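So you can see what is in the structure, the chains are spelled out below.
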Amino acid sequence: MSVDLPVLDAHLSDAERELLQDCHRLAEETLTPIAEAGPEGRVNTDLLSALAEHDLFGRLFAADGDDWRGDVSAIDLCLIREGLARGCTEAETAFAVQGLGSFPLLQSGTPAARRRWVPGLDRGEYAAGFALSEPQAGSDVSALDLRAEADGDGFRLTGEKVWISNAPDAGVYTVFARTTPGAGARGLTAFVVPADSPGLRGEPLELVAPHPVGRLIFEDVPVAADQILGEVDRGFAVAMRTLDLFRPSVGAFAVGMARAALDEAVRYANERHAFGRPLREFQAVSHRHADIAARVQGARLLVHHAARAYDAGVRPVAQAAAMAKLVATEVAQEAVDAAIQTLGARGLQRGHRLEHLYREVRAPRIYEGASEIQREIIARGLFAPDTKDAR
Ligand SMILES: Cc1cc2nc3c(=O)[nH]c(=O)nc-3n(C[C@H](O)[C@H](O)[C@H](O)COP(=O)(O)OP(=O)(O)OC[C@H]3O[C@@H](n4cnc5c(N)ncnc54)[C@H](O)[C@@H]3O)c2cc1C
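Reading the values: the criteria
Residues numbered from 1 in each chain as written. Predicted model: local features only at pLDDT ≥ 70, side-chain atom pairs only at ≥ 80, totals over all residues. Helix = DSSP H or I, 4+ residues; strand = E, 2+ residues; numbered from the N terminus. Rg over C-alpha atoms; globule rule 2.2 N^0.38 Å. Contact = placed C-beta atoms within 7 Å. Expected span 1.5 Å × (residues − 1). Near = placed C-beta within 6 Å. Nonpolar A, V, L, I, M, F, W, Y, C, P; charged D, E, K, R; others polar. Domains from an automatic or database assignment. Buried ≥ 20, exposed ≤ 12 C-beta atoms within 10 Å, placed from the backbone. Pairing = 2+ DSSP bridges. Axes fitted to C-alpha atoms, helices over the stretch in contact; angles between N-to-C directions. Parallel < 35°, antiparallel > 145°, perpendicular 65-115°, else oblique. Left-handed = near helix turned anticlockwise from the far one by under 90°. Core = buried A, V, L, I, M, F, W, Y, C linked by C-beta atoms within 7 Å. Bend = angle between axes of the 7 residues up to and from the residue.

Asks: Is there a simple way to explain the overall build of the protein in this structure?
Replies: Tallying secondary structure elements over the protein gives 11 helices and 12 strands in all. Taking 391 residues into account, the globule formula puts the C-alpha radius of gyration at 21 Å, and the protein, at 21 Å, falls close to it. Counting contacts in the protein only where the partners sit at least 6 residues apart, residues at least 24 apart contribute 74% of the total.

Asks: What is the right way to look at helix α8 (residues 283-311) in this model?
Replies: Between its terminal C-alpha atoms α8 stretches 41 Å, which fits the 42 Å expected from 29 residues at 1.5 Å a residue. Positioned one or two residues after α8, Gly-313 has a phi angle of 85°, which is positive.

Asks: Would you explain the site of the ligand in this entry?
Replies: Close to the ligand lie 19 residues, the nearest being Leu-132, Gly-138, Ser-139, Ser-165 and Glu-372. Listed by contribution, the elements that provide at least two residues to the shell around the ligand are β3 (128-131), β5 (154-165) and α11 (371-383). Looking at the shell around the ligand residue by residue, the classes come out as 12 nonpolar, five polar and two charged. Taken domain by domain, the makeup of the shell around the ligand includes at least three residues from each of domain 2 (129-234) and domain 3 (237-390).

Asks: Would you mind showing me how to read the environment of Gly-101 here?
Replies: Relative to the helices and strands, Gly-101 is located in helix α5 (residues 89-108). The class for Gly-101 is buried, based on 27 C-beta atoms found within 10 Å. Distance in space between the C-alpha atoms of Gly-101 and Ala-338 is 33 Å, their sequence separation being 237 residues. In contact with Gly-101, not counting residues within four places along its chain, are Ala-128, Gly-129, Phe-130, Asn-166, Ala-170, Tyr-173 and Thr-174.

Asks: Can you help me understand the pairing of strand β7 (residues 188-194) in this one?
Replies: For a regular strand, the rule is simple: side chains alternate between the two faces of the sheet. Among the seven residues in β7, six count as buried, and that is most of the element. Relative to β7, strand β6 (residues 172-178) is paired through seven bridges, and the arrangement is antiparallel. Note that in β7 the partner of Val-175 across the bridge is Phe-191. Here two bridges tie β7 to strand β10 (residues 228-229), and the two strands are oriented antiparallel to one another. Bridge pairing in β10 links Phe-191 to Ile-228.

Asks: Just checking my understanding: could you explain unusual backbone geometry for this structure?
Replies: As a rule of thumb, non-glycine residues mostly have phi less than zero, and peptide bonds are mostly trans rather than cis. The amide bond that connects Ala-167 to the next residue, Pro-168, takes the cis arrangement and shows omega of 5°. By the element assignment, Pro-168 lies in the loop between β5 and β6. Cis geometry is found at the peptide bond from Arg-315 to Pro-316, where omega equals 0°. Along the chain, the position of Pro-316 falls in the loop between α8 and α9 (318-343). Unlike most non-glycine residues, Phe-275 shows phi in positive territory, near 55°. Tracing the sequence through the fold places Phe-275 in the loop between β11 (273-274) and β12 (277-278). For Phe-275, a count of 7 C-beta atoms within 10 Å puts it in the exposed group.

Asks: What exactly am I supposed to notice about the domain arrangement of the protein here?
Replies: Interfaces are often sized by the amount of accessible area the parts lose when they come together. On domain assignment, one finds that the protein holds domain 1 (6-128), domain 2 (129-234) and domain 3 (237-390). Between domain 2 and domain 3, the C-alpha centre-to-centre distance is 30 Å. Every contact between the two is made by 12 residues of domain 2 and, on the other side, nine residues of domain 3. Across the side of domain 2 that touches domain 3, the residue classes break down as eight nonpolar, three polar and one charged.

Asks: Teacher, can you tell me more about the pairing of β3 here?
Replies: Here β3 shows a buried face lined by Ala-128 and Phe-130 and a second buried face lined by Gly-129 and Ala-131. Where β3 and β6 come together, four bridges link them in parallel fashion. Looking across to β6, one finds that Ala-131 is bridged to Val-175.

Asks: Could you clarify how one ought to interpret the packing of α9 against helix α10 (residues 353-360) in this entry?
Replies: A pair of packed helices can be characterised by two numbers: the angle between their axes and the separation between those axes. The N-to-C vectors of α9 and α10 enclose an angle of 155°; their axes lie 10 Å apart at closest approach. Judged by the angle between their axes, α9 and α10 are roughly antiparallel. Seen along the crossing, α9 lies across α10 with a hand that is left-handed. Where α9 approaches α10, its residues Val-336, Ala-339, Ile-340 and Leu-343 are matched on the opposing element by Leu-354, Leu-357 and Tyr-358. Here the contact of α9 with α10 is built from residues that sort into seven nonpolar, no polar and no charged.

Asks: In this structure, what is going on with the nonpolar core? I would like to understand it.
Replies: Generally speaking, soluble globular proteins have nonpolar side chains that are buried together. Counting residues in each nonpolar core, the largest one holds 125 residues, and the members touching the most others are Met-257, Ala-261 and Val-336. With 19 residues, helix α7 (residues 235-271) is the largest single contributor of residues to this core. Apart from residues no more than four positions distant in its own chain, Val-336 is found in contact with Met-257, Ala-261, Leu-354, Leu-357, Tyr-358 and Val-361.

Asks: Honestly, α5 in this entry has me stumped. Any pointers?
Replies: Since there are 3.6 residues in each turn of an α-helix, residues three or four apart along the chain are aligned in direction. The end-to-end C-alpha distance of α5, which contains 20 residues, comes to 29 Å, matching closely the 28 Å that a straight helix rising 1.5 Å per residue would cover. Maximal helix bending in α5 amounts to about 40°, located at Ser-102; proline Pro-104 follows within four positions. Extensive coverage of α5 is indicated by the burial of 19 of its 20 residues.

Have a look at this one:
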């Protein structure tokens, strides 16, 4: 059995297949040793440099005269994330968060702000962060209350962000703050905030996975008018437009991990003998992975469908993005669990690839909208398709 049957990629163009395979190979052969040599749970600057050197950040950022555009297609974003995740989850995360943290700037920043920040991000000199979640506002973004108080032409930010990928090591953050108290989702504004701003500090938080994540504390942090991304009080739309692009690609990250788990299970079931025959000859084993392979491919097609809908300009795209993220992240969890069942004890040994995937695969069912939130979005489309809520 091969987990790389050509027919599974029949819906992709030659260039897309090549991109996927190149990213997988690069992650396995070149990026894994760099990730392993880096500090666990912190931004790995060598990994950022390697991603830049192999022009992966060049897929996110495109120079446009003396300005910059966010040029990545959703399908390429998904294929890069799947390929990297199948070979090296840390490389995948470093790539993805650079995109997530910078997309609000690319999409809604002033040309001057883009000129100031994007070149360093493109060269991998520093990391970006997307700072939305707060201790009292995770799933419910409308409850967000990091205060932005008017100060001359700009604002001063006071409050706390938590579970922010790449914090506190990032060089620049896109920060969502409350400009109008009591206005729910309508009173939020997005800002670009350099990490060395006076009054901004942070600390790392440790998770079960080696994902760099931390807390940020804002004490009267000054932000000038040209640090506003988009319009005042319209920050929610900036965040949602970003998630429309990135949510299907979280599904792609999950698919990459599921395929890595399947790789391990198939290899082991071919090699390991028990009761006088290879494990693959026990139908309980081969059918377990046959089911997983079919469901992972189904999830993958949902991911690619959502990405192509986004690229075709279909709006709203949230229903398709929610289906893709929900199904892919849930099946990836099962794929990793099934692979560990097939490998037995060695899959649980610290340092084994499956032990690593077991820790990594859990978080995507929570971030960028927990599975329950994705179901809410899908249900709104079913039961209230004509309202704005169906978004
Ligand atoms: C590895 C990792 C990286 C992250 N990176 C970032 C980042 O870069 N930037 C950022 O801003 N945030 C980030 N987050 C935070 C993440 O987005 C939040 O954890 C997520 O939005 C959920 O918020 P919460 O943890 O506060 O859970 P809560 O909002 O407290 O929800 C807890 C649980 O309640 C249930 N629930 C909530 N609402 C509903 C509902 N309407 N219906 C049914 N059930 C519901 C769900 O099961 C949910 O998991 C990251 C989190 C992790 C784990």
